[in-house]
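# Working through the structure, step by step
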Amino acid sequence: TEKGMFSFFADGHQECCAIRKVEPLRRKLQQLDAWITGQRQDQSANTRAALPVVQEDGLFSTATQRLVKFNPLSHWTSAQVWQYIRDNDVPYNELHEQGFISIGCEPCTRPVLPNQAEREGRWWWEEAAHKECGLHAHHGIKPR
């Protein structure tokens, strides 16, 4: 109410994502020893190109809790993921059929056009190089 419905445009979405995604995940991860993501290296050359399969989570680990983060699809391509989905009849979000290749919250996500990178539909008003919400920090993380 204080900042208005579209305040996320002004701060680069960081506060909005922190409130709605990062802090709730932080609270849950405090109860766990590890978590699994669907991140892939091919999703972003700028932020995910060196993504390891297993890593210590440098964002959510604390002085008293070492949190392990598993990225089992790290070396997979989008084509491999979709082949696996088809071969194994894995359910998927129907928004993919409408061009939403990387699905985030509304209004921060738009469908991508043919030949656009899959994360270009996320935070569409920002520079394409650094599209991360804060759930996956890649600086200072120690690969295993």
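Read on for a plain summary of the structure. What you see is a predicted model, and the numbers here were worked out from it, not measured in a lab.

### Quick look at the packing of aromatic side chains
Applying the stated criterion across every chain, the model contains three aromatic pairs. Aromatic side chains tryptophan 35 and phenylalanine 60 sit 6.1 Å apart centroid to centroid with 85° between the ring planes, which places their arrangement in the edge-to-face category. Of this pair, tryptophan 35 sits in strand E1 (residues 34-36) while phenylalanine 60 sits in the loop between strand E2 (54-56) and strand E3 (68-70), and the two are 25 residues apart along the sequence. Of the two residues examined, tryptophan 35 and phenylalanine 60, each falls in the buried class.

### Overview of the environment of threonine 77
If you trace the backbone, threonine 77 turns up in the loop between E3 and helix H2 (78-88). Threonine 77 sits in the partly exposed class, given a relative accessible area of 33%. If sequence neighbours within four positions are ignored, threonine 77 has contacts with Arg40 and Asp42.

Criteria and cut-off values
- The written sequence of each chain sets the order in which its residues are numbered from 1.
- Two thresholds apply to this predicted model, a pLDDT of at least 70 for residue-level local features and 80 or more for giving and counting side-chain atom pairs, whereas whole-chain, interface and lining totals are computed over all residues.
- With hydrogens and water excluded, all non-hydrogen atoms of the structure serve as input to the side-chain values.
- Note on aromatic pairs: the rings of Phe, Tyr and Trp (six-membered ring only in Trp) are paired at centre separations within 6.5 Å, and the planes decide the class, stacked below 30 degrees, edge-to-face beyond 60, tilted for the rest.
- Secondary structure elements follow DSSP: runs of H or I no shorter than four residues count as helices, runs of E no shorter than two count as strands, and numbering proceeds from the N terminus.
- Partly exposed residues are those whose accessible area sits between 20% and 50% of the maximum for their type, while under 20% is buried and over 50% is exposed, using a 1.4 Å probe and protein chains only.
- Note on contacts: a residue pair is in contact if any heavy atoms of the two residues lie within 4.5 Å.

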